[in-house]
Amino acid sequence: MGFVQEALLTLSMAEANLVYLENAADMLTTILNNQIIMLTSIGELDKALKEVIGVLPQIGLSFT
């Protein structure tokens, strides 16, 4: 599978996650998770890690 196809597949899965949300309160978490998945898929691991660390306080956790 090529890079573009893989990115489009991941984007489609991310969109499906938003479409099928059962609880609207989960939208921010889902969007952030989708962003982390996309960054990981394209090899931007440092950016993905920064996103993970940034999300932790929003869900009541810390990175130590």
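For the structure, check the block above.
Okay, so let's go over this structure.

So, how was this worked out
- Residues numbered from 1 in each chain as written.
- Predicted model: local features only at pLDDT ≥ 70, side-chain atom pairs only at ≥ 80, totals over all residues.
- Heavy atoms only, no water.
- Axes fitted to C-alpha atoms, helices over the stretch in contact; angles between N-to-C directions.
- Helix = DSSP H or I, 4+ residues; strand = E, 2+ residues; numbered from the N terminus.
- Parallel < 35°, antiparallel > 145°, perpendicular 65-115°, else oblique.
- Left-handed = near helix turned anticlockwise from the far one by under 90°.
- Contact = heavy atoms within 4.5 Å.
- Nonpolar A, V, L, I, M, F, W, Y, C, P; charged D, E, K, R; others polar.
- Buried < 20%, exposed > 50% of the residue type's maximum accessible area, 1.4 Å probe, protein only.
- Expected span 1.5 Å × (residues − 1).

## Here we look at the packing of helix α2 (residues 27-41) against helix α3 (residues 45-55)
Contact geometry for α2 and α3: axes closest at 8 Å, N-to-C directions at 160°. Classified by the interaxial angle, the pair formed by α2 and α3 is roughly antiparallel. α3 is crossed by α2, and the crossing has left-handed handedness. Of the residues in α3, those touching α2 at L32, Q35, I36, L39 and T40 are L45, K47, A48, E51, V52 and V55. Broken down by class, the residue content of the contact of α2 with α3 amounts to 7 nonpolar, 2 polar and 2 charged.

## Here we look at the environment of E15
Inspection of the secondary structure assignment puts E15 in helix α1 (residues 3-19). Given the relative accessible area of 52%, E15 is considered exposed. Residues E15 and K47, spaced 32 residues apart in sequence, show a C-alpha to C-alpha distance of 20 Å.

## Structural notes on α2
Under the 1.5 Å per step criterion, the end-to-end length of α2 is 21 Å for 15 residues, consistent within 8% with the ideal 21 Å. Among the residues making up α2, those that are buried are T30, L32, N34, I36 and L39. On its buried face, α2 is in contact with α1 and α3. Of the residues one or two after α2, G43 is the one with positive phi, at around 85°.

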